[in-house]
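So you can see what is in the structure, the chains are spelled out below.
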Amino acid sequence: MGLRQFLIDAWSWLNYKPVMADAGRPGNRAFPELARTWVPPHELRRLAAYKVLASYDNNQAGQLAAACGDAGAFERRELGDAANLVDTALGYLLGSEQKVAVEGAEHADDQTPTPGAAEAAVVQERLRTWADKELLTLRVQQAERAAVLLGDSVMVLAWNPQKQRPTLRVYDPGFFFPQWADEDDDFPSRVHLAWELPADDDAGLKARVRRVTYELGPIAGHGEEGDEAGTRQYPWEPGRTSSVTCYLTDAEWLLEDLKNGETLDRLPMSKAAYRVRPDGTELNRLDLMIDFVPIVHIANTIPDGGEHWGRSVLARVLQALDELAATDSDSSAASATTGTPIIGLAGARLPVDRATGQPLELQVKAGAVWQLGETGRMDALDTSPQLAELRARVDHLLERIASNSRVTAAGLGTLDATEVPSGYALKLALGPLDALIGMMRLAREHKYRLLFKMVQRLYQAGRAEGWSAGESLPTRLVWAPHTPTDRAAVLDEVVTAYGAGVLSLETAVAMLVKAGYPIEDASQEVTRIRARTEQDAAIRIADNAARRGRDKDAGEDQDRDDAPAAA
């Protein structure tokens with residue numbers, strides 16, 4: 001089954017798959033849920049691509065191929081190579097830890113702190129406390145694995161009045177349907193989170209579709225002189241009024257009530273059943289009292305111009321993974337004939353079934369004895385050369401996958417240590433991996449800054465204790481080094497450079513932190529070093545003063561001893 005039309009888009013690397021052959025209705029046969037009337041047609045290829053990638057992650061690519069008409073794909077052996085590649089890339093991306101860092105907070109404990117450093121340190125401590133309570137490390141890992149595997153991930157923030165803090169949740173990117181008013185906009189003005197709820201016969205519930213909508217719009221109400229569009233002053237923009245707010249709508253529709261043409265953005269509001277908060281508030285255009293959509297979309301790679309979606313780490317090597325699975329299947333079949341070979345007998349006396357008088361089938365097993373005549377002969381089919389060739393091909397495909405994915409053989413751990421002559425050679429071997437992780441972290445840098453800006457503004461909008469009005473402070477997520485660092489070499493470099501006066505103490509400590517030394521807080525470490533230096537200096541001054549006093553006393557005693565002799 002070939003491609004029905006030539007198409008280049010963000011998912012055209014999947015065009016070789018029969019499930020993606022129909023550009024207009026991909027996955028109709030394999031993914032019947034995509035045929036629902038409420039699913040927007042222009043989102044079908046993205047949703048189908050997510051399902052194809054998920055099948056590789058779960059060792060179900062063969063089952064997917066069988067569902068598309070390839071009956072022999074049921075025999076495909078999938079040994080977790082795709083999941084291993086995803087998890088390896090994820091591990092390098094995350095590093096050993098992630099920290100919340102507010103710009104300027106590291107200078108709060110300096111002898112002459114920079115303006116705003118104390119405030120930055122307070123905000124940093126509050127954000128780190130929030131991160132601990134909201135299990136940020138766990139949420140980041142959930143979101144990033146989806147992004148590395150599928151190319152995209154979604155994080156949603158919401159103010160919780162009971163907990164008095166913003167909550168953070170991770171959603172499947174297949175539930176994410178942004179609506180751009182203008183393709184040149186940096187952020188969508190309207191976002192749907194939608195998914196199906198299956199029927200529950202025991203509870204008497206029919207199949208439904210749930211849609212949660214965040215939409216920016218004019219503030220409802222009446223201003224002065226009958227003005228229909230109200231204004232508001234947000235705490236993060238003091239002195240400036242805004243006429244925009246974000247509305248939340250959370251509703252459900254019965255699938256049986258939806259007709260053709262009533263897609264996600266055109267669902268009949270007259271048939272909607274709105275959800276209600278625990279306090280009794282109906283979630284129908286609820287004013288969230290913020291002027292932004294509290295959703296962060298994370299792309300695994302930097303999108304191409306005009307695109308908004310990222311690319312999976314598997315995208316460039318998907319066909320190689322198919323080849324690897326096919327070779328593993330052939331290797332398994334060859335190993336069966338190598339371990340239990342095919343044997344040809346000539347002149348053998350075959351045992352006979354006494355009941356039927358028919359010759360019995362011979363079995364190749366340990367201890368078997370066959371009687372051969374004078375001209376009898378036994379030949380065994382040797383398939384070990386073919387098995388060795390297949391195993392060599394597996395190694396070749398693994399090398400191609402490591403190279404083309406840029407995770408590298410060194411990154412996957414398949415590189416023989418004896419082939420690396422020096423640490424510099426290993427660094428060169430890891431060069432593509434360094435570039436890959438650098439690109440992936442760059443694609444996320446702005447998104448996490450945006451996440452922490454939203455957290456600060458939600459605290460301000462919720463009038464949380466201690467959060468005063470004012471601009472949000474720039475905050476970023478700091479990643480640990482993704483590869484081991486030569487800590488001894490970094491320490492020697494820091495000591496030499498700091499001793500020569502070409503590095504400040506703050507920069508020297510920052511280099512040690514980046515190298516992986518167990519320094520919890522750089523600013524506190526600088527303060528401790530300076531305090532210890534001052535203490536050592538005071539001890540030396542006291543020792544010198546005491547030594548001079550002893551020398552002076554000894555001199556006076558010598559003078560008294562010499563005085564009678566002189567007389």
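What counts as what
Residues numbered from 1 in each chain as written. Predicted model: local features only at pLDDT ≥ 70, side-chain atom pairs only at ≥ 80, totals over all residues. Heavy atoms only, no water. Axes fitted to C-alpha atoms, helices over the stretch in contact; angles between N-to-C directions. Helix = DSSP H or I, 4+ residues; strand = E, 2+ residues; numbered from the N terminus. Parallel < 35°, antiparallel > 145°, perpendicular 65-115°, else oblique. Left-handed = near helix turned anticlockwise from the far one by under 90°. Contact = heavy atoms within 4.5 Å. Nonpolar A, V, L, I, M, F, W, Y, C, P; charged D, E, K, R; others polar. Buried < 20%, exposed > 50% of the residue type's maximum accessible area, 1.4 Å probe, protein only. Arc of directions from axis to C-beta. Pairing = 2+ DSSP bridges. 1 Å grid on protein atoms, 1.4 Å probe; cavity = no way out; pocket = protein on both sides within 12 Å on 5 of 7 lines; lining within 4 Å. Points joined across faces, edges and corners; volume = space filled by probe spheres on them. Phe/Tyr/Trp six-rings, centres within 6.5 Å; stacked < 30°, edge-to-face > 60°. Lys NZ or Arg CZ within 6 Å of the ring centre and 35° of its normal.

> Just to check I follow, could you spell out the packing of helix α3 (residues 81–94) against helix α5 (residues 136–150) for this structure?
Between two packed helices, the angle of one axis relative to the other and the distance separating the axes together describe the packing. Axis separation between α3 and α5 bottoms out at 10 Å; the angle between their running directions is 130°. Between α3 and α5, the angle falls in the class oblique. The two elements α3 and α5 cross, and the hand of that crossing is right-handed. Between α3 and α5, the contacting residues are A83, V86, D87, A89, L90, L93 and L94 on the first element and V140, Q141, E144, R145, V148 and L149 on the second. Along the lines of polarity and charge, the residues of the contact of α3 with α5 split into nine nonpolar, one polar and three charged.

> Please explain helix α12 (residues 505–515) as it appears in this structure.
Since the α-helix packs 3.6 residues into each turn, any two residues three or four apart lie on the same face. All of the buried residues along α12 are L505, A508, V509, L512 and A515. Seen along its axis, α12 keeps its buried residues to an arc of 120°; they face one direction.

> Is there a simple way to think about the sheet that holds strand β2 (residues 152–160) in this case?
Sheet strands pair via backbone hydrogen bonds, and the direction of the pair is either parallel or antiparallel. Taking strand neighbours across the sheet as the criterion, the three strands line up as β3-β2-β12 in an open arrangement whose pairing is antiparallel. With one partner strand each, in any of the chains shown, β3 (165–171) and β12 (295–299) form the two edges of the open sheet. Strand-to-strand twist of the sheet, defined as the mean angle between neighbouring strand axes without regard to direction, takes the value 20°. As paired elements, β2 and β3 share seven bridges and run antiparallel to each other. What sits directly across from M155, in β3, is V170. Taken strand by strand, α5 contacts β2, β3 and β12, and its axis lies near 150° from that of β2.

> How do you make sense of the environment of G306 when you look at a structure like this?
Tracing the backbone shows G306 in the loop between β12 and α6 (318–339). Note: C-alpha distance between G306 and S504 (198 residues apart in sequence) is 44 Å.

> Would you take a moment to explain the layout of surface pockets for this structure?
Over the atoms, a rolled probe matching the size of one water molecule traces out where space is still vacant. Empty space within the second largest pocket amounts to approximately 990 Å³. Considering the residues around the second largest pocket, the lining is formed by 32 residues, among which A158, W159, P161, L248 and R277 are closest to the centre. Of all the secondary structure elements, the ones that give two or more residues to the lining of the second largest pocket are β2, β3, β6 (208–218), β9 (244–254), β11 (286–287) and α10 (431–461). Taken together, the residues of the lining of the second largest pocket sort by class into 20 nonpolar, four polar and eight charged.

> What am I meant to see in the packing of α5 against α10 here?
Here α5 crosses α10 at 135°, and the two axes come no closer than 13 Å. As the angle between them shows, α5 and α10 are arranged oblique. Crossing of α5 over α10 shows right-handed handedness. In this structure, α5 contributes L136, V140, E144, A147 and V148 to the contact, and α10 contributes M440, R444, Y448 and F452. Looking at the contact of α5 with α10 residue by residue, the classes come out as seven nonpolar, no polar and two charged.

> How do you make sense of the side chain of S405 when you look at a structure like this?
You can see S405 is positioned in helix α7 (residues 384–405). Owing to a relative accessible area of 7%, S405 belongs among the buried residues under this scheme. Excluding its chain neighbours within four sequence positions, the residues that come into contact with S405 are L85, V313, V317 and L436.

> Where do I start with the packing of aromatic side chains in this structure?
Each aromatic ring pair is characterised by the separation of its centres together with the angle its planes make. Evaluation of the coordinates by the stated rule reveals nine aromatic pairs. For the ring pair W159 and Y459, a centre distance of 5.9 Å and an interplane angle of 75° mean the geometry is edge-to-face. One end of the pair, W159, is in strand β2; the other, Y459, is in helix α10, with 300 residues separating them in the sequence. The class of W159 is partly exposed, set by a relative accessible area of 22%. For Y459, a relative accessible area of 8% gives the class buried. Aromatic pair Y234 and W236: ring centres 5.0 Å apart, planes at 15°, arrangement stacked. The same class applies to Y234 as to W236, namely buried. Taken together, the ring pairs connect W159, Y459 and W467 into an aromatic cluster. Taking the ring centre of F177 as reference, the NZ or CZ of R46 above it sits at 5.6 Å. Its end group placed over the ring of F31, K51 keeps NZ or CZ at 5.8 Å from the ring centre.

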